[in-house]
Number of protein chains: 6
Amino acid sequence: MSNLKYNFIGCDKPYEESDIVIFGAPYDGTASFRAGSRFAPDAVRLVSDAIETYSPYADVDIEEDFNICDAGNVEFSFGNRELALSEINKKAYEIINDDKKFLCIGGEHLVSLPLVQAVKEKYEDLVIIHLDAHADLRDDYLGEKLSHATVMRRVSELVGIENIFQFGIRSGTRDEFNLMRDANTLDREISSVISVIENKPVYLTLDVDILDPSIMPGTGTPEAGGWTFVRILNFINSIRGLNIVSADVVEIAPDYDLSGNSSVTGAKLCREVLALL
Amino acid sequence: MSNLKYNFIGCDKPYEESDIVIFGAPYDGTASFRAGSRFAPDAVRLVSDAIETYSPYADVDIEEDFNICDAGNVEFSFGNRELALSEINKKAYEIINDDKKFLCIGGEHLVSLPLVQAVKEKYEDLVIIHLDAHADLRDDYLGEKLSHATVMRRVSELVGIENIFQFGIRSGTRDEFNLMRDANTLDREISSVISVIENKPVYLTLDVDILDPSIMPGTGTPEAGGWTFVRILNFINSIRGLNIVSADVVEIAPDYDLSGNSSVTGAKLCREVLALL
Amino acid sequence: MSNLKYNFIGCDKPYEESDIVIFGAPYDGTASFRAGSRFAPDAVRLVSDAIETYSPYADVDIEEDFNICDAGNVEFSFGNRELALSEINKKAYEIINDDKKFLCIGGEHLVSLPLVQAVKEKYEDLVIIHLDAHADLRDDYLGEKLSHATVMRRVSELVGIENIFQFGIRSGTRDEFNLMRDANTLDREISSVISVIENKPVYLTLDVDILDPSIMPGTGTPEAGGWTFVRILNFINSIRGLNIVSADVVEIAPDYDLSGNSSVTGAKLCREVLALL
Amino acid sequence: MSNLKYNFIGCDKPYEESDIVIFGAPYDGTASFRAGSRFAPDAVRLVSDAIETYSPYADVDIEEDFNICDAGNVEFSFGNRELALSEINKKAYEIINDDKKFLCIGGEHLVSLPLVQAVKEKYEDLVIIHLDAHADLRDDYLGEKLSHATVMRRVSELVGIENIFQFGIRSGTRDEFNLMRDANTLDREISSVISVIENKPVYLTLDVDILDPSIMPGTGTPEAGGWTFVRILNFINSIRGLNIVSADVVEIAPDYDLSGNSSVTGAKLCREVLALL
Amino acid sequence: MSNLKYNFIGCDKPYEESDIVIFGAPYDGTASFRAGSRFAPDAVRLVSDAIETYSPYADVDIEEDFNICDAGNVEFSFGNRELALSEINKKAYEIINDDKKFLCIGGEHLVSLPLVQAVKEKYEDLVIIHLDAHADLRDDYLGEKLSHATVMRRVSELVGIENIFQFGIRSGTRDEFNLMRDANTLDREISSVISVIENKPVYLTLDVDILDPSIMPGTGTPEAGGWTFVRILNFINSIRGLNIVSADVVEIAPDYDLSGNSSVTGAKLCREVLALL
Amino acid sequence: MSNLKYNFIGCDKPYEESDIVIFGAPYDGTASFRAGSRFAPDAVRLVSDAIETYSPYADVDIEEDFNICDAGNVEFSFGNRELALSEINKKAYEIINDDKKFLCIGGEHLVSLPLVQAVKEKYEDLVIIHLDAHADLRDDYLGEKLSHATVMRRVSELVGIENIFQFGIRSGTRDEFNLMRDANTLDREISSVISVIENKPVYLTLDVDILDPSIMPGTGTPEAGGWTFVRILNFINSIRGLNIVSADVVEIAPDYDLSGNSSVTGAKLCREVLALL
């Protein structure tokens with residue numbers, strides 16, 4: 001009799017029959033400015049009814065054309081960073097080892113580290129596409145090695161900085177910008193990126209603050225001068241041929257957008273990333 | 001593998017094994033000032049994690065001591081008032097006829113009409129306890145017979161005005177106040193009410209605007225000078241001996257309280273009403 | 001002695017001496033996600049003092065160069081969809097039959113149906129220009145024929161789908177997009193549109209969610225990836241030669257933009273549409 | 001044909017036939033913490049539809065039982081304090097000299113000064129009842145003699161401090177509290193106040209921050225520990241026998257209460273003060 | 001030339017000459033519902049200009065009558081719970097060992113643990129007065145021993161549960177309430193509390209959610225049915241004779257009260273606690 | 001021991017050793033629509049931690065590469081326009097006469113008048129670059145000569161209208177636009193502007209409402225159709241060779257952007273202007 005349901009729109013297949021699994025990683029413990037991305041997975045699911053399952057950009061209906069399961073959120077108590085990361089890693093590992101892809105909704109950007117660790121175990125030659133306003137390449141942040149501001153440095157130690165392609169970054173220290181210039185990670189021509197990557201497995205990590213704060217006001221560290229939504233749609237379209245094996249969408253902080261629109265826009269972004277997987 | 005769940009806290013028993021069923025009736029089509037109570041059932045469920053299942057007021061744990069099912073929301077399209085009311089009536093009727101009690105989360109106050117109709121079918125001598133800031137006794141509102149401003153007039157035609165006991169009302173036309181004075185429905189001594197009702201079946205309809213807008217800012221028609229939360233707790237305690245057969249909690253409009261606190265307070269109110277059933 | 005006034009800025013001529021009439025149609029009863037467009041006409045009038053009567057884009061001062069009356073809002077009770085639509089139709093019919101043009105501020109998009117019906121009575125060969133994020137071409141929505149999600153389907157039955165020109169649409173079902181592709185209604189070159197329409201009477205229906213939610217956060221169903229304000233100004237300029245006989249601006253939901261800016265932007269949009277009439 | 005209206009609910013009589021005139025004085029230029037009370041008169045009118053014209057507390061219907069005109073707002077440009085005060089004084093003087101009473105909606109508390117000046121011209125032995133959280137008795141504020149923080153000191157120079165009766169004050173400097181203790185102005189027994197005042201003409205100035213900020217969050221200088229709404233209703237009732245010749249309600253700052261409830265509560269307060277005049 | 005200052009109002013004495021030190025502990029890492037109390041110390045300081053330095057309740061001016069230093073915030077990176085707690089402990093220890101008292105503004109309630117540890121080192125027979133809506137007596141919370149939900153259990157292990165006096169608690173598990181009943185910690189008569197404590201050193205920990213959410217909407221875990229502000233003023237007054245050696249005010253979450261009033265009310269509460277030290 | 005600090009990020013040098021001084025002018029007394037820019041200097045400082053001191057656009061680190069002092073706010077009471085302007089003028093004059101440059105954070109646009117007066121005393125042949133949505137060229141506004149709507153007219157009387165270069169203006173009366181067309185002040189080619197100005201001293205006045213309200217919702221008079229943040233970055237870059245002697249950034253109204261993002265964006269804008277000085 002009950003019609004109680006709560007999955008992301010169109011993601012209602014059983015886990016066993018699914019090719020893609022969407023799940024939430026509501027950890028925001030190292031956020032240095034504003035926390036609250038912990039509420040993103042639930043907020044995005046709740047408003048996902050406001051968008052369609054059909055993407056006119058990809059001509060794909062994620063409900064009709066795909067088999068996607070919504071596996072809920074990873075659970076952990078707040079305050080214990082190491083435990084939270086390990087639980088997130090476990091969930092991602094499980095999905096990858098069942099030969100499925102995942103889309104993880106963060107949470108802050110640090111959740112990408114255990115996610116990449118899980119994917120890297122299976123895909124030796126993993127390449128990272130990193131969309132963000134911030135470099136996230138500090139070696140430590142106020143003494144801490146594990147932080148949303150150091151996450152891409154840790155990821156680079158896992159996969160090699162030559163395997164990271166960064167887009168949209170417009171904030172960082174002079175050291176971080178020098179590092180990006182030296183390693184040539186930043187805003188390379190998309191055609192050259194594609195020819196370098198070829199058919200290597202790609203992990204896409206999408207920090208929503210790559211978007212201009214006008215479009216995504218609900219985020220932890222807003223940074224003016226960002227991409228329009230149309231630009232990110234075009235970017236997603238331009239990499240459609242790549243072998244993307246999993247992805248995350250992080251740093252939506254719903255409580256800082258009182259219109260609720262950041263969650264709706266986040267849901268649309270998730271739909272487009274699902275259509276890419 | 002999934003831990004996807006979304007029920008009101010502690011209300012996770014299967015329908016068949018439940019004595020009480022909680023469900024949502026997200027209709028707000030006749031709201032004359034501000035709409036938005038349609039979002040109440042989902043908003044209340046989502047934040048219900050912020051309260052405990054244990055009520056220190058009633059010394060009851062709704063999860064451990066009761067068997068409660070969360071049956072989700074009645075579904076209907078917006079714009080067709082008659083159809084929405086009939087779907088809500090059907091759901092209530094089904095539960096009542098399975099010998100269960102219900103707590104319905106509105107939605108605007110008009111949803112109480114189809115709910116009372118369903119309960120009245122089974123309980124011939126039904127009595128209504130009506131908590132509200134507004135009399136809701138107009139015969140019509142701008143020509144309409146079915147409105148949140150006329151709902152108690154329609155209910156009185158079903159059960160007889162002598163079977164309605166109203167509390168907290170502080171807004172209405174002169175005609176409505178004259179009617180309440182003539183019929184002696186308003187703010188009677190609780191002990192006299194109990195001795196009149198005895199063990200007759202009671203339906204409790206609780207419009208949250210009985211509370212002062214300071215406590216429940218997220219409501220459609222705020223009316224200053226209302227009850228404190230402690231006062232409503234005391235009231236609930238004072239009628240604990242009555243034979244309450246079902247209830248509703250209506251007119252929470254979450255979007256008008258940007259702190260989210262109205263939903264949390266609404267969840268606590270629902271827990272206390274569940275502990276009363 | 002009283003200086004009490006409340007009209008849209010610059011629209012203070014008596015009805016009899018006016019060529020254009022602005023009025024509000026505060027109906028939002030079928031809104032499926034967020035209601036609240038009922039508050040748009042009053043909110044837009046109240047903040048219209050924050051803009052000038054002079055449009056530098058059109059080099060027109062709507063107060064000095066035009067005779068415009070603000071006829072207030074159509075009145076009806078909420079909850080009775082058919083009655084509300086019929087009252088809106090009556091008001092539009094009256095204005096059209098007094099040989100005036102109107103600009104109606106919604107309300108939700110369904111109000112365009114009775115407006116188009118009124119205009120169509122006088123202008124047999126009416127053509128529709130439809131600016132929107134959503135196709136609104138469903139045949140029914142959850143069983144309902146009259147809904148903000150079906151309004152353009154109903155309009156197409158009145159005027160013929162070949163007489164509808166749609167712009168900005170980026171959300172719909174696969175069926176709706178197939179219909180638009182088959183009928184070639186979507187995003188046609190403006191010069192070709194002009195040469196097809198010639199001097200036929202044109203009705204302009206402008207759902208503000210055509211704008212990106214960053215620019216118009218206060219709307220019922222925000223859809224990322226929309227037009228900038230400059231783009232809509234350019235569009236308005238490009239159709240200035242057409243014979244536009246009336247227009248509506250719908251789906252502003254002021255309560256979802258707490259800065260109040262959506263109302264101010266809505267007022268500016270109304271001024272530019274008035275300058276077009 | 002137009003139904004355009006915008007007066008405070010029930011205040012729609014022509015000026016000539018009215019006994020009471022309501023008008024707005026939207027000046028907030030000396031607000032030291034938060035400005036915005038300039039928006040109060042319009043905001044209160046706009047939501048006044050959400051309350052009834054009938055007061056169950058006074059058993060009075062302000063539309064049926066009284067003749068009240070809404071004379072709109074005093075107009076002036078911002079930045080010129082002296083001119084604004086003089087325009088407000090002129091309006092009040094005009095009403096008083098037409099043998100009417102007024103209720104002025106502020107604006108900040110400084111507007112009470114020109115209002116009292118106008119009333120004092122006619123009523124030589126004027127007495128002031130002052131409801132407020134703040135003493136407002138500084139001789140100057142950062143060097144300024146005319147400020148919302150000095151207004152009652154200026155008023156005391158007009159009417160004599162022995163003719164001021166203050167209630168609810170819980171914030172001030174040590175000097176201000178010493179002054180109030182010496183002059184015995186504060187929180188005197190209501191019965192003793194009545195027997196002192198007898199039938200002298202009374203001006204009531206009501207700074208809404210006397211209410212607890214929970215009830216009136218939208219105010220310039222919130223001060224916790226204030227009156228409940230019920231308490232102010234009781235106070236109003238207790239002075240119903242006095243000869244109140246005019247009144248003001250000041251310091252509502254609508255933009256700081258995003259629920260809009262402060263304006264609705266302000267409207268109810270105005271209705272109760274009107275029922276007292 | 002610079003007038004740049006930023007201390008809590010009236011707390012501008014040099015550290016060496018001060019008897020009382022106010023400082024911030026912006027840690028909110030274990031918040032289970034809403035984070036954001038990290039912003040409290042700065043938000044409270046910034047609005048403290050809106051209150052006076054003079055308390056009419058205590059007849060004390062904290063600037064004129066006391067020597068108070070504002071020592072700024074303890075600094076640490078987010079994400080490392082143990083390090084943050086140890087830094088907070090170090091700061092408190094330093095102040096206590098310089099024979100001063102402190103008032104610490106949290107942060108979440110877990111910061112009370114390192115604060116009590118520092119005070120207990122000096123004051124062997126320390127007694128705790130605990131004002132809160134929540135028992136905070138769980139042994140662990142989702143497996144974690146150090147959490148805002150377990151903090152008073154940890155404190156009880158330090159000082160003995162017989163030395164804890166709790167007030168205002170209205171939320172907890174059945175186990176927590178049983179523990180409080182067995183140990184008789186809850187809501188004891190204030191006179192009996194005073195006669196038990198005598199002149200023992202007292203630490204006051206004040207979780208602002210003891211207040212009703214209407215008064216303090218900006219808090220992490222709102223719980224309806226709380227104290228009024230007047231009640232807490234009375235409570236503070238009733239314990240004025242005790243030997244209070246230090247205190248904290250925790251769990252203000254400014255971002256959840258968009259009016260900013262929770263910060264102003266928090267500032268007033270801090271002033272009253274300072275006047276008590 | 002104290003780490004209490006509150007300067008704009010990276011602006012922590014002593015006044016004597018500084019080349020550039022940042023200070024606040026929190027005056028908003030003539031704001032005709034919404035006030036609140038008085039809160040901008042403090043709000044911008046408080047969130048400036050959320051941006052980096054390094055600008056990747058200019059390859060400049062304002063902390064490492066520059067010597068900048070934050071001199072706090074000019075202090076004055078509200079309500080006395082002439083006194084406030086004179087205090088602001090005095091502060092600017094002092095800095096200019098110490099052979100330093102300043103960046104003043106408003107306040108409303110009228111503060112530019114005393115700032116320009118101070119700079120003009122030293123730099124006889126001063127040229128003004130004016131970025132704004134509004135012409136601000138009225139001769140008087142509701143009779144007032146000194147207003148945020150007349151400020152550039154007053155400035156033109158100081159420096160000559162031929163020395164004013166305006167960009168981004170999209171709102172004004174017909175008279176104002178005629179004046180701008182006649183004097184050719186508006187939106188001239190940047191290369192021609194540079195060749196006209198040559199090495200004359202330039203004052204830059206930046207009203208943030210030149211930005212689209214989507215990017216800067218927190219402003220007094222939002223005007224749709226504005227510049228993107230990228231466009232203003234490009235503009236700043238294009239004038240990097242000019243001899244800019246001082247600047248202001250005005251009209252940020254933090255309370256109208258509840259996400260806080262307008263303040264963060266304002267901080268970034270200030271950093272880019274500092275990097276230009």
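Basis of the calculations
- Residues numbered from 1 in each chain as written.
- Chains lettered and ligands numbered in written order.
- Predicted model: local features only at pLDDT ≥ 70, side-chain atom pairs only at ≥ 80, totals over all residues.
- Heavy atoms only, no water.
- Pairing = 2+ DSSP bridges.
- Helix = DSSP H or I, 4+ residues; strand = E, 2+ residues; numbered from the N terminus.
- Axes fitted to C-alpha atoms, helices over the stretch in contact; angles between N-to-C directions.
- Contact = heavy atoms within 4.5 Å.
- Buried < 20%, exposed > 50% of the residue type's maximum accessible area, 1.4 Å probe, protein only.
- Arc of directions from axis to C-beta.
- Least-squares fit on C-alpha atoms with pLDDT ≥ 70 in both.
- Phe/Tyr/Trp six-rings, centres within 6.5 Å; stacked < 30°, edge-to-face > 60°.
- Lys NZ or Arg CZ within 6 Å of the ring centre and 35° of its normal.
- Parallel < 35°, antiparallel > 145°, perpendicular 65-115°, else oblique.
- Polar contact = N/O pair within 3.5 Å; in protein donor to acceptor, adjacent residues only side chain to side chain.
- Expected span 1.5 Å × (residues − 1).
- Buried area = accessible area lost by both parts, 1.4 Å probe.
- Nonpolar A, V, L, I, M, F, W, Y, C, P; charged D, E, K, R; others polar.
- Disulfide = S-S within 2.5 Å.

With respect to the sheet that holds strand E9 (residues 243-250) of chain F
Residues and elements named next belong to chain F.
- If you walk across this open sheet you meet the seven strands as E4-E1-E5-E9-E8-E6-E7, and the pairing is parallel. This sheet does not close on itself; its edge strands, each paired only once, are strand E4 (68-73) and strand E7 (164-167). On average, each strand axis in the sheet is tilted by 15 degrees relative to the strand beside it, whichever way the strands run.
- With six bridges joining them, strand E1 (residues 20-25) and strand E5 (residues 101-106) adopt parallel strand pairing. Bridge pairing links Ala25 to Gly106 in E5.
- The strands touched by helix H2 (residues 81-97) are E1, E4, E5 and E9; relative to E1, the strand with the most contacts, the crossing angle is about 180 degrees.

Observations regarding helix H5 (residues 174-183) of chain D
- Within H5 of chain D the residues assigned to the buried category are Glu176, Phe177 and Met180 of chain D. Projected down its long axis, H5 of chain D shows its buried positions confined to an angular sector of 100 degrees, all on one face. Summarising the geometry of H5 of chain D, the exposed residues directed more than 90 degrees from the buried face are Asp175 and Asp182 of chain D.
- Residues of H5 of chain D that are buried in the fold lie against strand E7 (164-167) of chain D together with strand E2 (54-55) of chain E.
- Asn184 of chain D, located one to two residues past H5 of chain D, shows a positive phi value of around 55 degrees.

Examining the relation of the copies chain A and chain E
- Superposing chain A onto chain E takes a rotation of 180 degrees combined with a translation of 0.0 Å along the rotation axis, leaving an RMSD of 0.0 Å. The relationship between the two copies is best expressed as a two-fold rotation axis. Identified as the residue of chain A closest to the rotation axis by C-alpha distance is Gly29 of chain A, at 2.8 Å.
- Interface residue correspondence from chain A to chain E reaches 96%, placing this contact among same-surface, isologous pairings.

A closer look at the relation of the copies chain B and chain C
- Note on the copies: chain B fits chain C at an RMSD of 0.0 Å, the axial shift is 0.0 Å, and the rotation between them is 180 degrees.
- Interface overlap between copies: 100% of the residues of chain B at the interface are likewise at the interface in chain C, consistent with a symmetric, same-surface contact.

What to know about the packing of aromatic side chains
- In the structure shown here, the tally under the stated rule is 44 aromatic pairs over all chains.
- Between Phe39 of chain D and Phe33 of chain F, the aromatic rings sit 6.3 Å apart at their centres with planes inclined by 80 degrees, giving edge-to-face as the arrangement. Of this pair, Phe39 of chain D sits in the loop between strand E1 (20-25) and helix H1 (40-47) while Phe33 of chain F sits in the loop between E1 and helix H1 (40-47), on two different chains.
- Among the aromatic residues, those joined into a ring-pair cluster are Phe23, Phe102 and Tyr203 of chain A.
- Lying over the aromatic face of Tyr15 of chain A, Lys100 of chain A brings its terminal NZ or CZ to 4.8 Å of the ring centre.
- Its end group placed over the ring of Tyr256 of chain D, Arg34 of chain D keeps NZ or CZ at 4.2 Å from the ring centre.

A word on the packing of helix H1 (residues 40-47) of chain E against helix H8 (residues 261-274) of chain E
Residues and elements named next belong to chain E.
- With their axes 8 Å apart at the nearest point, H1 and H8 run at an angle of 80 degrees to one another. Between H1 and H8, the angle falls in the class roughly perpendicular. Residues Ala43, Val44 and Val47 of H1 form the contact with H8, whose participating residues are Ser263, Val264, Gly266 and Ala267.

Here's the deal with the environment of Gly10 of chain B
All names here are of chain B.
- Mapped onto the fold, Gly10 is located in the segment before strand E1 (20-25).
- Between the C-alpha atoms of Gly10 and Leu274, which are 264 residues apart in sequence, the distance is 11 Å.
- Once residues lying within four places of it in the same chain are set aside, the contact partners of Gly10 are Thr53, Ile62 and Glu63.

Structural notes on the environment of Asp70 of chain F
Residues and elements named next belong to chain F.
- Relative to the helices and strands, Asp70 resides in strand E4.
- With 77 residues separating them in the primary sequence, Asp70 and Ser147 have C-alpha atoms 27 Å apart.
- One polar contact links Asp70 to Arg45, side chain to side chain, over a distance of 2.8 Å.
- A polar side-chain atom of Asp70 sits 3.0 Å from the main-chain amide nitrogen of Gly72.

Regarding helix H2 (residues 81-97) of chain B
Residue and element names in this part refer to chain B.
- Over its 17 residues, H2 extends 24 Å from the first C-alpha to the last, a length consistent with the 24 Å expected when each residue adds 1.5 Å.
- For H2, the complete set of buried residues consists of Arg81, Ala84, Leu85, Ile88, Lys91, Ala92, Ile95 and Ile96. The buried residues of H2 all sit within an arc of 135 degrees when viewed along its axis, so they share a single face.
- Check the buried side of H2 and you find it contacts E1, strand E4 (68-73), strand E5 (101-106), helix H3 (112-122) and strand E9 (243-250).
- Directly beyond the C-terminal end of H2, a positive phi value near 60 degrees is found at Asp99.

What to know about the interface of chain A and chain E
- In this complex, chain A contributes 23 residues to the contact, which on the side of chain E involves 22 residues.
- Approximately 1,700 Å² of surface area, both sides summed, lies buried where chain A meets chain E, with 51% of it carried by carbon and sulfur atoms.
- Along the contact surface separating chain A from chain E lie ten residue pairs in polar contact (both at pLDDT 80 or more).
- Broken down by class, the residue content of the side of chain A that touches chain E amounts to twelve nonpolar, six polar and five charged.

What to know about the state of the cysteines
- The final tally for this structure, using the stated rule, is zero disulfides over all chains.
- No disulfide involves Cys104 of chain A; its sulfur sits 9.6 Å from the nearest other cysteine sulfur, which is in Cys270 of chain A.
- Taking the relative accessible area as the measure of exposure, Cys104 of chain A reaches 0% and is therefore buried.
- This cysteine, Cys11 of chain E, is not joined by any disulfide, and Cys69 of chain E carries the nearest cysteine sulfur, 8.5 Å off.

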